[in-house]
There are 2 protein chains.
Amino acid sequence: MEFIDELRDAVGPALRVEPAEIDRVRTDRSGWTTPEVPLAVVRARSTEDVQAVLRLASAAGVPVVPRGAGTGLAGGAVGSAGSVVLDVSGMDRVLEVDEQDETAVVQPGVITDDLAAVLAPRGLWWPPDPASRAISTVGGNIATNAGGLLCAKYGVTRESVLGLQVVLADGALVRLGRRTVKGVTGYDLTALLIGSEGTLGVVVEATLKLRRTSADPVVTIGATFPDVRAAAAAAAAITASGLRCAALEILDAASCAAIDALVAAGEGPAGDLPTLAGRGAFLLVQTDGGASEREAASVLALIADVGGEGSVAQDPVTAAGLVALRRAAHPAYARLGEVLIEDVCVPRTALPAMFDAIDAISLRHGLPIPTVAHAGDGNLHPNIVIPASVPHAPGEIPDVVWAAGEELFRTAIALGGTLTGEHGVGVLKRRWIAEELGDDVMALSTRVKAAFDPLGILNPGKVF
Amino acid sequence: MEFIDELRDAVGPALRVEPAEIDRVRTDRSGWTTPEVPLAVVRARSTEDVQAVLRLASAAGVPVVPRGAGTGLAGGAVGSAGSVVLDVSGMDRVLEVDEQDETAVVQPGVITDDLAAVLAPRGLWWPPDPASRAISTVGGNIATNAGGLLCAKYGVTRESVLGLQVVLADGALVRLGRRTVKGVTGYDLTALLIGSEGTLGVVVEATLKLRRTSADPVVTIGATFPDVRAAAAAAAAITASGLRCAALEILDAASCAAIDALVAAGEGPAGDLPTLAGRGAFLLVQTDGGASEREAASVLALIADVGGEGSVAQDPVTAAGLVALRRAAHPAYARLGEVLIEDVCVPRTALPAMFDAIDAISLRHGLPIPTVAHAGDGNLHPNIVIPASVPHAPGEIPDVVWAAGEELFRTAIALGGTLTGEHGVGVLKRRWIAEELGDDVMALSTRVKAAFDPLGILNPGKVF
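Residues numbered from 1 in each chain as written. Chains lettered and ligands numbered in written order. Predicted model: local features only at pLDDT ≥ 70, side-chain atom pairs only at ≥ 80, totals over all residues. Heavy atoms only, no water.

Colleague: Help me understand the overall build of chain A, please; the structure alone is not making it clear to me.
Modeller: Tallying secondary structure elements over chain A gives 16 helices and 19 strands in all. Considering only C-alpha atoms, chain A reaches an extent of 70 × 55 × 45 Å along its principal axes. Across the 464 residues in chain A, those meeting the buried criterion constitute 60%. Relative to all contacts within chain A whose residues are 6 or more apart in sequence, the contacts with residues 24 or more apart total 72%. Accessible area of chain A: about 16000 Å², with a carbon and sulfur share of 53%. If the 37 positive side-chain charges of chain A are averaged to one point and the 55 negative ones to another, these points end up 4 Å apart. (Helix = DSSP H or I, 4+ residues; strand = E, 2+ residues; numbered from the N terminus. Buried < 20%, exposed > 50% of the residue type's maximum accessible area, 1.4 Å probe, protein only. Contact = heavy atoms within 4.5 Å. Areas by Shrake-Rupley, 256 points an atom, 1.4 Å probe, with all protein chains shown as cover. Lys, Arg positive; Asp, Glu negative; His and termini not counted. Charge placed at Lys NZ, Arg CZ, Asp CG, Glu CD.)

So this is what it looks like as structure tokens:
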């Protein structure tokens, strides 16, 4: 029997081969569309579906591309030629919330914000906070080890996952990790799976480590600066003072201008918000926990020390508005043209040098690169705007953008940083990975991959 | 040329074969001594020494046992038959401290407390806090993913290591991880190495993530309870209230009695300390950060709610004395006989059930098992005392102790827990690991091991 018929026998109507469905999985939120054409999509409804797909694919040597909501920014879940795209976004149940042990057991397709909505009434929350949280899934957060706005204080996804159920390439179901907050029996295969972008196994269930919601007020501060170096200096001074802010976000001058245009178009948030037009930078700070108000006062003093103008939001609408200004960055960039969202991370002290390099690269290539940074952990998102003047087919990334991207990546690595802080390597950064890791680690990683997936059917052509 | 001669040519006087040195590495702090006899010890002075040993051992198929200060509690660094014990305790330099980026680069042999002494004047500290910190090394902390008193709030070793330089089994030197606090380029091999107990590679350098010392006061509370269930209920209530205490340590009645005897013998700490004689349990709590005093008041109220008697240390001597009471547990147990320190971890809500089970196991086997627990993360150390009435050769663990240990491990696993929270599997817990992990994960782990060490020369017979 043909592979595709076996697959239909096994998963029935979960198998989809219509062109619209095939096209849907050829792209993600990077804007890039692969020229390759996958064979089929399986919209898995259960662990058994996932096991069946992998068992058959292993037997037939057919590649399998695990996929959640498709909100990735590096092409990591884009269907490759002749592959079965294993879409687990329909496995979206919260199976268990344990309020006493502060754990939840979820399927991979749960949208991160939907999980938050389930947890909030119970006084619990899950720290990973990617900007995409309204549309991305817990499984996707795990696949990329997502970070976000809160991770300098509350850790990345790895720190909030205790255990995983994973289907291996041969269809075997294994349980990694545990339900306890601590444990060292055997290798930390849970951590190894987190951030592995679907190349080692398919997560079908995750045991998450939650936190209890604090009753203390969150204090929100907005500040503007004459230039981005001053904002970076303020962020550095805040960190150096020992304060751990919940959020510490820098937007550069180009971002301020873009958001100001959005506001001027009547699409901005409400509240008593600073004018961003003509500002060199905007800094969003949030303090939380038992000393949040005292910490906010220290933050304001440090902002003033370096010439910034900051103030504490005096009402909930303004506080929400300040956060919304930061979150408006991506819609604001989208008004400028097509955008490739980049994601380098450098040691915190190298933030000013990286901002300078971004300016220089922007000028050299004639491309606007408005940038936002999670300043608490040195993670910058330079957003390369593709102006209408640069012709390119839909879904294609022009050479000039790749040239600018390459300079960004190489500068980050030269500054002691990495080419991806939280989005992953996928397809789009694969050509630079060896420059960061070196040949020996590449070879070692390939052997680790083979230990999980000896036939190489899981997401081939991604990451390595 | 014979292997041993090649080794001498390569490392010179670092090679040691005298019987006293061989005997030194046949045991660790578990009290157990292997009947096996290693071939030689190399006291490595440099990365080059480590590479030379592994290159020659790979060529000759000779096993290599990495070892630091030898303070392990599971036999993980004990020399096996015919092996070269690679002692890196002499590689003990702090190579770099970056105050701005809050990172340190160290060799593996640095004693954890010595690192603290280097960092403290710079206003920095490294969170891992194993009870052995005065005698154990950073490399050993990494090899076991050490936890300690502070990890419920500040994380285990994994959360405080950014990157590693590792010599692989074939002598190749690889650099894993990075200097940034975030990054997802490639697999998280740093996390995989952490806790791998010398079976995947030899750590020769680590880039550590530091924290800045807080200027806020640490508040220390001591409390006594009629029984250990009440203490566990207090700890549960504290956690459920959302408080994150720096330390939350329970000592059971047997521990109280043992420490009281130590105090009565004039070996106890100073300060205005509670009497532990006849108490059902002692709870040590520390709050820190900007709201430490307010949090301490909440803790006291929660303690009183469940019938505990608690008070805040009013002076630094008393505060230090309360912590010293907790840290006196092991010297106190040692007065009762030889002790096997165990290390199970259960979901926090299972703490009372685990305490009950320990009591029952103690009664059934006629062995005192005083227990201390890191209550914030469900990690218990039941300490099996071997009474003088149970004859056994020095360095041997009697069968009755293994029988009691086995019941402890199986109970912990049945409660949803793990057989080791922070000490590792080593040799001593190897016979139970498959019960926790299952056959498929055992097989997968063996394949991962082979990806790093295809000849199986690194610490064979340990963990798996």
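There is more to say, and it comes next.
Colleague: Before we go on, may I ask you to explain the packing of helix 1 (residues 3-11) of chain B against helix 3 (residues 47-60) of chain B in this structure?
Modeller: Two quantities define a packed helix pair, namely the angle between the helix axes and the distance between the axes. Residues and elements named next belong to chain B. Taken N-terminus to C-terminus, the directions of helix 1 and helix 3 make an angle of 160 degrees; their axes are 10 Å apart at the nearest point. Classified by the angle their axes make, helix 1 and helix 3 are roughly antiparallel. Classified by chirality, the crossing of helix 3 by helix 1 is right-handed. Listed contacts from helix 3 to Phe3, Glu6, Leu7, Ala10 and Val11 of helix 1 are Asp49, Ala52, Val53, Leu56, Ala57 and Ala60. (Axes fitted to C-alpha atoms, helices over the stretch in contact; angles between N-to-C directions. Parallel < 35°, antiparallel > 145°, perpendicular 65-115°, else oblique. Left-handed = near helix turned anticlockwise from the far one by under 90°.)

Colleague: Can you help me understand the packing of aromatic side chains in this one?
Modeller: Two measures describe an aromatic ring pair: the distance that separates the ring centres and the angle between the ring planes. Per the stated rule, a full pass over the model turns up eight aromatic pairs over all chains. Centre to centre, the rings of Trp402(B) and Trp432(B) are 5.6 Å apart; their planes meet at 45 degrees, and the pair counts as tilted. Residue Trp402(B) is located in helix 14 (residues 399-414), and its partner Trp432(B) is located in the loop between helix 14 and helix 15 (433-437); the two are separated by 30 residues in the primary sequence. Both residues of the pair, Trp402(B) and Trp432(B), count as buried. Taken together, the ring pairs in this structure connect Trp402(A), Phe409(A) and Trp432(A) into an aromatic cluster. The side chain of Arg431(A) reaches across the aromatic face of Trp402(A), ending 4.6 Å from its centre. (Phe/Tyr/Trp six-rings, centres within 6.5 Å; stacked < 30°, edge-to-face > 60°. Lys NZ or Arg CZ within 6 Å of the ring centre and 35° of its normal.)

Colleague: Sorry, what's going on with the pattern of salt bridges here?
Modeller: A side chain of one charge can pair with a side chain of the opposite charge if their charged atoms are brought near each other. Evaluation of the coordinates by the stated rule reveals 61 salt bridges over all chains. Between Asp188(B) and Arg158(A) there is a salt bridge; the shortest N-O distance is 2.9 Å. Residue Asp188(B) is located in the loop between strand 9 (173-177) and helix 7 (189-193), and its partner Arg158(A) is located in the loop between helix 6 (151-154) and strand 8 (161-167); the two belong to separate chains. For the pair shown, Asp188(B) and Arg158(A) are each scored as buried. The partner of Glu18(B) in a salt bridge is Arg16(B), and the shortest N-O contact between them spans 3.0 Å. A relative accessible area of 26% places Arg16(B) in the partly exposed class. When salt bridges that share partners are traced, they join Arg158(A), Glu159(A), Asp188(A), Arg158(B), Glu159(B) and Asp188(B) into one network. (Salt bridge = Lys/Arg side-chain N within 4 Å of Asp/Glu carboxyl O.)

Colleague: What is the right way to read unusual backbone geometry from this model?
Modeller: With the exception of glycine, most residues fall at negative phi, and the peptide bonds are largely trans. In this structure, Glu197(A) is a non-glycine residue whose phi angle is positive, near 55 degrees. Not every positive phi belongs to a glycine, and Glu102(B) is a case in point at roughly 55 degrees. For Glu102(B), the position within the fold is in the loop between strand 5 (94-98) and strand 6 (103-106). Residue Glu102(B) is classed as buried on the basis of its relative accessible area, which comes to 5%.

Colleague: Looking at this structure, how should I read the pairing of strand 10 (residues 202-209) of chain B?
Modeller: Moving residue by residue along a regular strand, the side chains alternate between the two faces of the sheet. All names here are of chain B. Where burial is concerned, most of strand 10 is hidden: seven out of the eight residues are buried. Two strands pair when backbone bridges link them, and strand 6 and strand 10 are joined in this way by four bridges, in the antiparallel orientation. The partner of Val105 across the bridge, within strand 10, is Thr207. Bridge analysis of strand 8 (residues 161-167) against strand 10 gives six bridges, and the strand direction is antiparallel. Bridge pairing links Val166 to Val203 in strand 10. (Pairing = 2+ DSSP bridges.)

Colleague: Help me understand the domain arrangement of chain A, please; the structure alone is not making it clear to me.
Modeller: When the parts come together, some accessible area is lost, and that loss is often what is quoted as the size of the interface. All names here are of chain A. Partitioning chain A into structural domains gives domain 1 (3-87), domain 2 (94-212), domain 3 (219-331) and domain 4 (336-424). On a C-alpha basis, the centres of domain 2 and domain 4 stand 29 Å from each other. Taken together, the contact pairs eight residues of domain 2 with six residues of domain 4. Between domain 2 and domain 4 the total buried area reaches about 490 Å² when both faces are included, carbon and sulfur atoms providing 51% of it. Per-residue buried area on domain 2 facing domain 4 is highest for Thr144, Gly148 and Ala152; these three make up 54% of the total on that side. Linking domain 2 with domain 4 are zero salt bridges. Across the contact surface, domain 2 and domain 4 share two residue pairs in polar contact (both at pLDDT 80 or more). (Domains from an automatic or database assignment. Buried area = accessible area lost by both parts, 1.4 Å probe. Polar contact = N/O pair within 3.5 Å; in protein donor to acceptor, adjacent residues only side chain to side chain.)

Colleague: Explanation requested: the sheet that holds strand 1 (residues 15-16) of chain A in the structure shown.
Modeller: The pairing of strands in a sheet comes from backbone hydrogen bonds and takes either a parallel or an antiparallel form. Residue and element names in this part refer to chain A. Strand order in this open sheet of four strands is 1-2-4-3, and the pairing throughout is mixed. The sheet terminates laterally at strand 1 and strand 3 (64-67), the two strands that pair on one side only. As paired strands, strand 2 (residues 40-43) and strand 4 (residues 84-87) are joined by four bridges and run parallel to one another. Each residue of the ladder has a partner; that of Arg43, found in strand 4, is Asp87.

Colleague: Just checking my understanding: could you explain the side chain of Arg178(A) for this structure?
Modeller: Within the secondary structure layout, Arg178(A) lies in the loop between strand 9 (173-177) and helix 7 (189-193). The buried category is assigned to Arg178(A), whose relative accessible area is 17%. At 3.1 Å, the side chain of Arg178(A) and the backbone oxygen of Gly183(A) are in polar contact. The contact partners of Arg178(A), leaving out residues within four places of it in the chain, are Leu162(A), Gly163(A), Gly183(A), Val184(A), Thr185(A), Thr207(A), Thr418(B) and Glu436(B).

Colleague: Mind showing me how you'd approach the sheet that holds strand 6 (residues 103-106) of chain A here?
Modeller: Residue and element names in this part refer to chain A. With antiparallel pairing, the five strands of this open sheet are ordered in space as 5-6-10-8-9. Taken across any chain shown, the strands that pair with only one partner, and hence form the sheet edges, are strand 5 (94-98) and strand 9. Within this sheet the neighbouring strands show an average axis-to-axis angle of 15 degrees, counted without direction.

Colleague: Just checking my understanding: could you explain the interface of chain A and chain B for this structure?
Modeller: Listed as interface residues are 80 residues of chain A and, on the opposing side, 80 residues of chain B. When the two sides are added together, the surface that chain A and chain B hide from each other amounts to roughly 6200 Å², 58% of it contributed by carbon and sulfur. The tally of links from chain A across to chain B stands at 13 salt bridges. The partner of Glu422(A) in a salt bridge is Lys182(B), and the shortest N-O contact between them spans 2.8 Å.

Colleague: Explain the relation of the copies chain A and chain B to me, please; I cannot follow it from the model alone.
Modeller: Copies of the same chain, two in number, are related to each other by a rotation about an axis and a translation along it. Between the two copies, chain A and chain B, the superposition gives an RMSD of 0.0 Å; the rotation angle is 180 degrees and the shift along the axis is 0.0 Å. Both copies are brought into coincidence by an operation consistent with a two-fold rotation axis. (Least-squares fit on C-alpha atoms with pLDDT ≥ 70 in both.)

Colleague: Would you take a moment to explain helix 14 of chain B for this structure?
Modeller: Three or four residues apart is the spacing at which side chains of an α-helix point the same way, because the helix has 3.6 residues per turn. Residue and element names in this part refer to chain B. Between its terminal C-alpha atoms helix 14 stretches 22 Å, which fits the 22 Å expected from 16 residues at 1.5 Å a residue. Listed in full, the buried residues belonging to helix 14 are Val401, Trp402, Ala404, Gly405, Leu408, Phe409 and Ala412. The buried residues of helix 14 all sit within an arc of 165 degrees when viewed along its axis, so they share a single face. Facing away from the buried side of helix 14 by over 90 degrees, the exposed positions are Asp399 and Ala414. Check the buried side of helix 14 and you find it contacts strand 16 (338-341), strand 17 (344-345), helix 13 (351-365) and strand 19 (379-386). Backbone geometry just after helix 14 places Gly416 at a positive phi near 90 degrees. (Expected span 1.5 Å × (residues − 1). Arc of directions from axis to C-beta.)

Colleague: Honestly, the environment of Ala373(B) in this entry has me stumped. Any pointers?
Modeller: All names here are of chain B. Position of Ala373 relative to the elements: it lies in strand 18 (residues 371-374). Judged by its relative accessible area of 1%, Ala373 is buried. Sequence spacing of Ala373 and Ala116 is 257 residues, and the spatial spacing of their C-alpha atoms is 24 Å. Among all residues touching Ala373, those that are not within four sequence positions of it are Leu248, Glu249, Ile250, Leu351, Phe355, Asn379 and Leu380.

Colleague: Help me understand the nonpolar core, please; the structure alone is not making it clear to me.
Modeller: Note that soluble globular proteins tend to have their nonpolar side chains buried in a common cluster. Leu189(A), Phe452(A), Leu189(B) and Phe452(B) are the most contacted members of the largest nonpolar core, which totals 73 residues. For Phe452(B), the residues in contact, after removing those within four places along its chain, are Leu444(A), Val448(A), Leu168(B), Ala169(B), Leu189(B), Leu192(B), Leu193(B) and Leu200(B). (Core = buried A, V, L, I, M, F, W, Y, C linked by side-chain atoms within 4.5 Å.)

Colleague: Sorry, what's going on with the pairing of strand 5 of chain A here?
Modeller: All names here are of chain A. Note that strand 5 and strand 6 share four bridges and pair antiparallel. Its bridge partner lying in strand 6, Val97 is registered against Ala104. What sits between strand 5 and strand 6 in their antiparallel hairpin is a turn of four residues, with Glu102 showing a positive phi close to 55 degrees.

Colleague: Can you help me understand the environment of Thr112(A) in this one?
Modeller: Residues and elements named next belong to chain A. Locating Thr112 in the fold gives a position in helix 4 (residues 112-119). When its relative accessible area of 2% is taken as the criterion, Thr112 is described as buried. Thr112 sits 14 residues away from Trp126 along the chain, and the two C-alpha atoms are 8.6 Å apart.

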